[in-house]
Amino acid sequence: MPADPSRLDPDARTVSDFSAPDAGVSSRAARSSRPLVTALLCVAAVSALLWGLSSETTAADWWAAVAQYHVDLVIAWVGALGCIGWVLAVSGKSGSGRRTALVVAALILGTMASGSLFVNAYGRKATRALRQAVEGIAPSYASGLENLQHWALPSDASPDDPLYLRMIETQKRWLRVNPAVADIYTFRRDEEGRWRLIVDSETDYNRDGEYEGEREQRTAIGEPYDKANDELNRALRGEHVFMDVPDSDRWGTWVSAFVPMRNAEGEIEAVLGVDFPAASWNAAIATARISAITYIAVIIITLTAGGLLQISSLRRFDESVRIGEVLRKQASALDEQNALLAHRSGELAAAISAARVANQAKSAFLANMSHEIRTPMTAILGFAEFLRTDDLPAAVRAEHLDVIRRNGEHLLAVINDILDFSKIEAGMLKVERTECSIVRLIAEIATTMRLRAEEKGLRLCVSFDGPIPERIRSDPPRIRQILLNLVGNAIKFTQQGQVEIVVRCADAASAEPRLLIDVRDSGIGIRPEHIDHLFRPFAQADGSTTRKFGGSGLGLAISRRLANALGGEITVRSEFGRGSTFTVTLATGDLHGVPLLHDAHEAAHASPAGAQDAAESSAALLGHILVADDGADNRRLIATLLRRYGASVTVVNNGREAVDAATAAANEGRAFDLIILDMQMPVLDGYGAAAQLRTLGIRTPIIALTAHAMADDRQKCLDAGCDDYAAKPIDRSRLYRVCQQWMESGRRAAA
C-alpha cells in the first residue's frame, strides 16, 4: 500500500492540512471531467459501430463480432487511452503532477500492451479447449451408431424401421445428455454421387417439445443435401474434420465436426456430423476474452484512480520543503511496493514453472494411459476376431482366449489404479481392521504371481525370517494390493535371476509391533537420482522406463498411501544394475496372546485351494430370476452364469420391460425370486425401474448392477429401492453369493 505521511512522520500533516480554499476548483473539476466524457463517447461510438456490423442486431451477432474482429480489445484500448487523456488533463503543467501522469500513462500502456497478448492467448486457449471437447464427442457418437449397425440401414428405409428408430432414440438421448450439441446426423453418398441424409436427430432447437416450422421439420430418410462441401468428402476418405468457421444452412448457423463411419468389414460407408450453435461457440470464446479483459480493466482503473489521487495530492501541496519530504517518503513507500511486486512476480514465475511441470507430467501420464489402454484393447479385439475363424485348432483357440483374458485383466488393473488414486486424492480411501493370516496371504500372492515369474524364466521364492504371528489385525485386500504391485514390478523389471519375498516380525513383544515384508529382485535396479521420483503420482524412474516396460505410474504412489493408511510405510534400497529391495512396514495390532509360528511354510498350506470354488460348484440357485440389461452380451453372460448355478432366468432389454414382466408375473401368482437391474438403460433406467417396482408394491429383492465404481454409487442404488449392489465387470463368486443371500432372504420373508 502507498505510504501514509502521518505514519511516516509524527509531525507530518495530512493533505487536508495544506489545502486552502480555491475559487477555481469547480471550474477545474469541470475541465477535468471533459476527457472522461470524451472517453465514454468514444466507447459508445465503437459499441455502435460493432452493433452495426450485422443487419440483425442480436446477441449472437455481438458475440460473433467480438470473437471475429476482437472489438473487445478495441473498446479496451479506447477506454485506456481515455483514462490516459483524463490523467494528463488533470495533471496540468506542474512538474510533479506531469511526471506522475506520464508514469501512470506508461503503466497503462504497458498493461494494455501485455494485456492484449494475454487476452488473445486466453481466447486461443478457450478455442483449443472447445475444439478438443467437440472433436472428442463426434468419434464416440460414430462408434455408438456403428455398434447399432448403421451400415445395415438402407438409404430408402421406412421411417418405422426399428433400426432407424433405435438410432433416432439414441441420438435424442445423446442430445439430452449434452445440451451443447444442437444436432446429430449421418450422410451417405448414393450411386450418383449425391449426398443424402440418413439418420437425423430431428432436433427440437427451441426446446419447446414440438418439431415445428421449416427449421425443425422432420428430415426424411434419404433426403438430398445440396450443401455438400469438401469437408464431407475428406471425412469420407477417413479424416476427422472440424469446421471452426461457422456455416449456415436452412436450419441455422453452426460449427460442425465430421467423422467417418465404418461397416462390419471396416470400410467407410457413411459420415457422421455433429452441429454446435455458432452463437454459443462465439459466445464461449468472447466470454473467455472478456473475462481476461476484466482483470486488465481493474488494473487500469486502479492505476487511473491512483494516478488521479496522487496528482490531486501533489497539486494541493505547498511548494515547500515539507512537500519534498512527503514526496520522498511516498517514493520510498512506492519502492517498497515495487520490491514487493517484484517478489510477488518471482513467486508467480515459480508458480507458473511448477504448473508447467505439472502439466507436462499430466500430458505424459495421459499419453502413457492411452498406450496402456489401447495396447490390451488391440490384443483383445484382434484375438477376438481370430476366434471367429471356424478352422482354429482347440489348442490355438485356448491360447487366443488366454491372451484375451490376460489383456482384459491388465486393462482392468489400469482402470482400478486410476479409480483407487481418485479415491485417495478425494480423501475417500477407507481401510478396515480384521483378523487375517499373513502367512496364508503371502502364500496366495506367491501362487498368483509364480506363473508370471516362470513365464520369464524367474524363480519366485518365499521365506520367513524368525517367528511370524499366526494372525494380525489389518486390511487383507489392501495388503494384497500393495504386495501384488511390488511383486509384479519386481518381475517386470527382472530379466534373469529371482524374486524373493522375505517376511519378518519386529518388536513382537512391544506395544507397537510391526511386520516387515521385503520384496527383493535381481533386476535392473534404480539410479540414486531417480529414487525420489518413484512414489510420485504419474511418474516412473525415467521416460525410457515407461516406454520399455509400460505401467500407469500410479502403482507405487497408491501402494505407499495404502501402507501409510495401514500404519506403516514403504522404503526402497537399490543398486543400479544389481537389483532392488522394497520394504513394506505394517502395523499388526496388539500381538498379546497371539501364537507365533516357527514353521510358517507349513501353515501357509493349511487351507486347501479351491474350497470356495468347490462350495459354489456344489451349490445351486433354486428359483426364477429376472435380468434387465440393454447390452445383449451382458444379458447373455449373466444368464449363462445364473443358469449354470441352476436358476431359471428371464431376460429383458430395459427397465420398462422389467417393470412389465415383474408386474405380470406377480399378478399371475408366479412372482420372481430375484430381480437384477442394470442401472444405465434406455427407455427407463434401473433407478426408475426400481422406484416404480417399489411403488407398485413388489417386494422382490432387487440387485443393482452397474459399471460405476465410486463410493456413493452403492448408496444411490439403495436409495432408489435396490437391496444390494454389484459392480461390473462381473465377479462370478460375488454375483453368486449376493444372489444366494437375497434369494434365501426372500424365501424367509415369504414364509
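Predicted, not measured: the structure shown is a model, and the values here were computed from it.

About the cut-offs
- Residues numbered from 1 in each chain as written.
- Predicted model: local features only at pLDDT ≥ 70, side-chain atom pairs only at ≥ 80, totals over all residues.
- Heavy atoms only, no water.
- Helix = DSSP H or I, 4+ residues; strand = E, 2+ residues; numbered from the N terminus.
- Buried < 20%, exposed > 50% of the residue type's maximum accessible area, 1.4 Å probe, protein only.
- Contact = heavy atoms within 4.5 Å.
- Areas by Shrake-Rupley, 256 points an atom, 1.4 Å probe, with all protein chains shown as cover.
- Phe/Tyr/Trp six-rings, centres within 6.5 Å; stacked < 30°, edge-to-face > 60°.
- Lys NZ or Arg CZ within 6 Å of the ring centre and 35° of its normal.
- Core = buried A, V, L, I, M, F, W, Y, C linked by side-chain atoms within 4.5 Å.
- Pairing = 2+ DSSP bridges.
- Axes fitted to C-alpha atoms, helices over the stretch in contact; angles between N-to-C directions.
- Left-handed = near helix turned anticlockwise from the far one by under 90°.
- Nonpolar A, V, L, I, M, F, W, Y, C, P; charged D, E, K, R; others polar.
- Salt bridge = Lys/Arg side-chain N within 4 Å of Asp/Glu carboxyl O.
- Patch = residues over 30% accessible without salt bridge, like charges linked within 9 Å, V, L, I, M, F, W, Y side chains within 5 Å.
- Lys, Arg positive; Asp, Glu negative; His and termini not counted.
- Charge placed at Lys NZ, Arg CZ, Asp CG, Glu CD.
- Expected span 1.5 Å × (residues − 1).
- Bend = angle between axes of the 7 residues up to and from the residue.
- pLDDT = per-residue confidence, 0-100.

### Looking at the overall build of the chain
Phase 1 of the analysis: Counting secondary structure elements, the chain contains 24 helices and 20 strands.
Phase 2 of the analysis: Within the chain, buried positions represent 40% of all 751 residues.
Phase 3 of the analysis: A sequence separation of at least 24 residues applies to 68% of the contacts in the chain between residues at least 6 apart.
Phase 4 of the analysis: With the model as given, the accessible surface of the chain reaches about 40,200 Å², and the carbon-plus-sulfur share is 55%.

### Topic: the packing of aromatic side chains
Each aromatic ring pair is described using two quantities: the centre-to-centre distance and the angle formed by the ring planes.
Phase 1 of the analysis: Tallied over the entire structure, the rule returns 5 aromatic pairs.
Phase 2 of the analysis: Through a chain of ring-to-ring contacts, three or more aromatic side chains come together here, namely Tyr185, Phe187, Trp195 and Tyr225.
Phase 3 of the analysis: Above the face of the Tyr687 ring, Lys716 is positioned so that its terminal group lies 4.7 Å from the ring centre.

### A closer look at the nonpolar core
Phase 1 of the analysis: Residues Ile438, Ile442, Ile517 and Phe582 are the most contacted members of the largest nonpolar core, which totals 44 residues.
Phase 2 of the analysis: When residues of this core are traced back to their parent elements, those giving at least two are α13 (438–455), β8 (459–465), α14 (476–492), β11 (498–506), β12 (514–521), α17 (555–565), β13 (569–575) and β14 (579–587).
Phase 3 of the analysis: By residue number, the principal contributor to this core is α13, which donates 8 residues.
Phase 4 of the analysis: Dropping the residues within four chain positions of it, Phe582 is found in contact with Leu486, Ile517, Asp518, Val519, Ile526, Leu534, Phe535, Leu556, Ile570, Thr571 and Val572.
Phase 5 of the analysis: Listed in part, the 31 residues of the second largest apolar core include Ile168, Ile184, Ala278 and Ile285.

### Details of unusual backbone geometry
Phase 1 of the analysis: Here Gln149, not a glycine, exhibits a phi torsion of approximately 65°, which is positive.
Phase 2 of the analysis: You can see Gln149 is positioned in the loop between α6 (95–147) and α7 (162–177).
Phase 3 of the analysis: For Val683, which is not glycine, the phi dihedral falls at a positive 65°.
Phase 4 of the analysis: Turning to its location among the elements, Val683 is positioned in the loop between β18 (674–678) and α22 (686–695).
Phase 5 of the analysis: By relative accessible area, Val683 is classed as exposed at 69%.

### A few points about the sheet that holds β12
Phase 1 of the analysis: Ordered in space as β8-β11-β12-β14-β13, the 5 strands form an open sheet in which the pairing is mixed. Edge positions in the sheet fall to β8 and β13, since each has one partner strand and no second. Across the sheet, the mean angle from the axis of one strand to that of its neighbour is 15°, orientation sign disregarded.
Phase 2 of the analysis: Of the pairings in the sheet, the one linking β13 to β14 comprises 7 bridges and is antiparallel in character. Residue pairing for β14: Ser574 is matched across the bridge by Ser580.
Phase 3 of the analysis: Strands in contact with α17 are β13 and β14; relative to β13, the strand with the most contacts, it is inclined by about 135°.

### Side note on the packing of α14 against α17
Phase 1 of the analysis: Across the interface, α14 lies against α17 with an axial gap of 9 Å and an inter-helix angle of 145°. Crossing of α14 against α17: the hand is left-handed. Across the interface between the two elements, Arg478, Gln481, Ile482, Asn485, Leu486 and Asn489 of α14 pack against Gly555, Leu556, Ile558, Ser559, Leu562 and Ala563 of α17.
Phase 2 of the analysis: In terms of residue class, the contact of α14 with α17 is made up of 6 nonpolar, 5 polar and 1 charged.

### Quick notes on the pattern of salt bridges
Phase 1 of the analysis: Under the criterion given, the structure shown has 13 salt bridges.
Phase 2 of the analysis: Between Glu269 and Arg188 there is a salt bridge whose closest N-O contact spans 3.0 Å. Within this pair, whereas Glu269 is found in strand β6 (residues 268–277), its partner Arg188 is found in strand β1 (residues 183–189), the two being separated by 81 residues in sequence. Of the two residues examined, Glu269 and Arg188, each falls in the buried class.
Phase 3 of the analysis: When the shortest N-O distance is used, the salt bridge between Arg471 and Glu470 registers 3.1 Å.
Phase 4 of the analysis: A relative accessible area of 35% means that Glu470 is categorised as partly exposed.
Phase 5 of the analysis: Taken together, the salt bridges that share partners define one network made up of Glu435, Glu470 and Arg471.

### What to know about a positive patch on the surface
Phase 1 of the analysis: Together, Arg124, Lys125, Arg128 and Lys362 make up a region of like positive charge exposed at the surface.
Phase 2 of the analysis: Take the positive patch: its biggest share by element is 3 residues, from α6.
Phase 3 of the analysis: Looking at where Arg124 falls in the secondary structure, it is placed in helix α6.

### Quick notes on α13
Phase 1 of the analysis: In a regular helix each residue adds 1.5 Å, so 18 residues correspond to 26 Å; α13 covers 26 Å between its end C-alpha atoms and thus fits that length.
Phase 2 of the analysis: A maximum bend of about 35° is found in α13 at Met449.
Phase 3 of the analysis: Among the residues making up α13, those that are buried are Ile438, Val439, Leu441, Ile442, Ala443, Ile445, Ala446, Met449 and Ala453.
Phase 4 of the analysis: Just downstream of α13 lies Gly457, where phi reads positive at about 75°.

### Some thoughts on the sheet that holds strand β16 (residues 624–628)
Phase 1 of the analysis: Reading across from one edge, β17-β16-β18-β19-β20 is the order of the 5 strands in this open sheet, with parallel pairing throughout. What marks the edges here is a single partner per strand, and that holds for β17 (648–652) and β20 (724–727). Taking each pair of neighbouring strands and ignoring which way they run, the sheet shows an average axis angle of 20°.
Phase 2 of the analysis: Alignment of β16 against β17, held across 5 bridges, turns out to be parallel. Bridge pairing in β17 places Ala628 opposite Val652.
Phase 3 of the analysis: Along the sheet face, helix α21 (residues 655–667) touches β16, β17 and β18 and points at about 160° away from the line of β16.
Phase 4 of the analysis: Packing of α22 onto the sheet brings it into contact with β18 and β19 (702–706), and relative to β18 it is tilted by some 150°.

### Quick word on the confidence of the model for the chain
Phase 1 of the analysis: Considering every residue of the chain, the mean pLDDT works out to 78; 78% of them sit at 70 or more.
Phase 2 of the analysis: pLDDT under 50 marks residues 1–30. Its contacts with residues more than four places away, or in other chains, come to 27 contacts.
Phase 3 of the analysis: The low-confidence segment residues 53–57 (pLDDT under 50) makes 5 contacts with residues lying over four places distant or belonging to another chain.

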